Amino acid sequence: MAYFRIEYYSEALCRTTSFEMFFPNDTSKERGDIKTLFLLHGYTGKAGNWVPEELANELNVAIVMPTAENSFYLNGLATGRKYEDMLAIELVDYVRKVFGLAMEADKTGICGLSMGGYGAIHTGLAHTDRFGYIGALSSAIIVKEVATMKPGDDNGVANYEYYRECFGETDKVLESDANLEVLIKKLKENNKEIPKLYMCCGTEDFLLNNNRDFHQFLQTEGVDHIYKEGPGTHDMVFWSGNISDIVKWMFE
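Residues numbered from 1 in each chain as written. Predicted model: local features only at pLDDT ≥ 70, side-chain atom pairs only at ≥ 80, totals over all residues. Heavy atoms only, no water.

1. A word on the overall build of the protein
Test applied: A run of H or I in DSSP becomes a helix once it reaches four residues, and a run of E becomes a strand once it reaches two; helices and strands are each numbered from the N terminus. Throughout, the radius of gyration refers to the C-alpha atoms, and the reference size of a globule is 2.2 Å times the residue count to the power 0.38. Per-residue accessibility, obtained with a 1.4 Å probe over protein chains only, is compared with the maximum for each type, and a residue is labelled buried under 20%, exposed over 50%, and partly exposed between these values. Whether two residues are in contact is decided by their heavy atoms: any pair within 4.5 Å suffices. Here the open area of atoms and residues is found with the Shrake-Rupley method and a 1.4 Å probe, where only the protein chains shown may cover a residue.
A tally of regular secondary structure across the protein gives eight helices and eight strands. Over its C-alpha trace the protein gives a radius of gyration of 17 Å, about what one expects of a compact globule, namely 18 Å for 252 residues. Taken over the C-alpha atoms alone, the protein extends approximately 55 × 40 × 40 Å along its principal axes. Across the 252 residues of the protein, 56% fall into the buried class. For the protein, the share of sequence-separated contacts (at least 6 apart) that also reach a separation of at least 24 residues comes to 70%. On the protein, roughly 11,200 Å² of surface is accessible, and the fraction owed to carbon and sulfur atoms is 48%.

See the structure below:
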């Protein structure tokens, strides 16, 4: 695969930012035929590929990896922090136009780990016209915990001010689109198709109950999805061991 690191000016972030990209070497494919996977990093992470390159080549998939800092891939309150718009609108349009990638949602997947798992689910549900498949590993579905935070609180990962910047006013977050359950209910109310969803989490992961709760919500709402648990904790061993199954499910 060919590797690119591209800098461009983002209107959503009001500054120059960058993303990384792996592009399949199969030059026989016409423009518009190449499927795309947007691969999202976790909290404190950065853009990077953890999809086996031979699998991406075999499936003829381009992998786009944004750097979104610790944003939860949401539109923050402050100017220059519209990370959802950067990813779902700017970056999708950019790579489709510049690299001639497939435009259809059913040829476009989004997947992430931890914070990126939440970001993949949220972005996919908020932009169903752009993403047909969602993969989420050890997802940081923490909106219910965020809702309990008050000024001065610090949970050892980040403080109240950080969560407020990402998710908005914490006492209103459960009713906002930052709550994945709200997005699901809106899609159902408007009779919109919900993207295909694959979730997995390690049985020793500190986020296991959060993922189980959302899985239970999806079952209650009658939302078709795949949910798997297996031995593992919140680390790259578990994520690397499961990413191939998700990518094959999306594109094989």
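2. Notes on the environment of T148
Put simply, the rule reads: Definition of a polar contact: a pair of N or O atoms within 3.5 Å, with one able to donate and the other able to accept a hydrogen when the atoms are protein atoms, and with sequence-neighbouring residues admitted only if both atoms are side-chain atoms.
Of note, T148 is situated in the loop between α4 (143–146) and α5 (160–167). Only 2.7 Å separates the side chain of T148 from the backbone oxygen of E145, close enough to count as a polar contact.

3. A short note on the nonpolar core
Under the convention used in this document: Among the buried residues, those of types Ala, Val, Leu, Ile, Met, Phe, Trp, Tyr and Cys that are joined through side-chain atoms within 4.5 Å form a nonpolar core.
With 63 residues, the main nonpolar core has I121, F167 and F214 as its most contacted residues. With eight residues, helix α2 (residues 83–99) is the single largest residue contributor to this core. Core analysis: the second largest hydrophobic core is formed by 26 residues, L39, M65, L113 and Y198 among them.

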